[in-house]
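# Descriptive analysis of the structure
Spelled out, the chains give:
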Amino acid sequence: MSLKRVKAHGKSSFQATAGYPSNARIKKGMVAIIECEQEIPCNPCELVCPKNAIKIGLPITNVPVLNEDACGGCGLCIAGCPGQAIFMVDKTFSDKTALAVIPYEYIPQLEKGDTVSVKNRDGEKIGTGVIHRVINNEKTDRTTVLYIEVEKSIAEEVRAVGK
């Protein structure tokens, strides 16, 4: 299956892909969003998922398919993806805010409580956020995973941060 990036309301979106969870699933809590469009031999996301929620199968050049009901939102797939094409969102975090969870492989390292500008896939600033949690351990294999508290309206668009 070839993935196509679609434009909706002036924003880039991958919502029509097999790796994008339904709105109903997003409303239930933390879930992975897979925006992999590369039909190359790659399957670390499938191998690292403890719930078998990501399927590539054979041939290994298939793009990942998310089983949204099996995804527990653990985030291991974020650090496992060498292309940084997997993110997570939790729109149940609070009444007004959500968590956007992204990979981060830059210097300086960010810390809990830091305020950052958040950017979309095109590098455009779409708002600000506060780092809620930072994970960088053996399981993330030198890829920092940032949990960023943002307005719910932009949570699904956050793909990068800047100071």
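Here, the structure is the one placed above.
Remember, predicted model here, so these are calculated numbers, not experimental data. (Residues numbered from 1 in each chain as written. Predicted model: local features only at pLDDT ≥ 70, side-chain atom pairs only at ≥ 80, totals over all residues. Heavy atoms only, no water.)

### Some details on the pairing of strand β8 (residues 115-119)
- For β8 and strand β9 (residues 125-135), the ladder comprises 5 bridges, and the chain directions are antiparallel. Residue pairing for β9: V118 is matched across the bridge by G127. (Pairing = 2+ DSSP bridges. Helix = DSSP H or I, 4+ residues; strand = E, 2+ residues; numbered from the N terminus.)

### So, unusual backbone geometry
- Cis geometry is found at the peptide bond from L58 to P59, where omega equals 0°.
- For the bond running from I107 to P108, omega is 10°, close enough to zero to count as cis.
- Its location among the elements puts P108 in the loop between β7 (97-104) and β8.
- Of note in this structure, Q84 is not a glycine but carries a positive phi near 50°.
- Considering the arrangement of structural elements, one finds Q84 in the loop between α3 (76-80) and β6 (86-90).

### Section: the environment of I102
- Residue placement: I102 occurs in strand β7.
- Since its relative accessible area comes to 1%, I102 is described here as buried.
- Separated by 44 residues in the primary sequence, I102 and L146 place their C-alpha atoms 5.4 Å from one another.
- Excluding anything up to four places from it in sequence, I102 contacts I78, F87, T144, V145, L146, I148, V158, R159, A160 and V161. (Buried < 20%, exposed > 50% of the residue type's maximum accessible area, 1.4 Å probe, protein only. Contact = heavy atoms within 4.5 Å.)

### With respect to the packing of aromatic side chains
- All told, the structure shown has 1 aromatic pair when counted by the stated rule.
- Between Y104 and Y106, the ring centres sit 5.4 Å apart and the planes meet at 65°, which makes this aromatic pair edge-to-face.
- Judged by relative accessible area, which is 7%, Y104 ranks as buried.
- The residue whose ring lies beneath R133 is Y147, and the NZ or CZ to ring-centre distance is 5.0 Å.
- Cation over ring: R159 sits above F87, and NZ or CZ is 4.3 Å from the ring centre. (Phe/Tyr/Trp six-rings, centres within 6.5 Å; stacked < 30°, edge-to-face > 60°. Lys NZ or Arg CZ within 6 Å of the ring centre and 35° of its normal.)

### Some points on the nonpolar core
- Counting 45 residues, the largest nonpolar core has I86, I148 and V161 as the members making the most contacts within it.
- Secondary-structure elements contributing two or more residues to this core are β3 (31-34), α3, β6, β7, β8, β9 and β10 (144-151).
- No other element matches β7, which puts 6 residues into this core. (Core = buried A, V, L, I, M, F, W, Y, C linked by side-chain atoms within 4.5 Å.)

### Focus on the pattern of salt bridges
- Per the stated rule, a full pass over the model turns up 4 salt bridges.
- With a closest N to O distance of 2.9 Å, R159 and E35 form a salt bridge. Of this pair, R159 sits in the loop between β10 and β11 (160-162) while E35 sits in the loop between β3 and α2 (44-48), and the two are 124 residues apart along the sequence.
- For E156, the salt bridge is made with K91, and the minimal N-O distance between the two is 2.8 Å. Within this pair, whereas E156 is found in the loop between β10 and β11, its partner K91 is found in the loop between β6 and β7, the two being separated by 65 residues in sequence. (Salt bridge = Lys/Arg side-chain N within 4 Å of Asp/Glu carboxyl O.)

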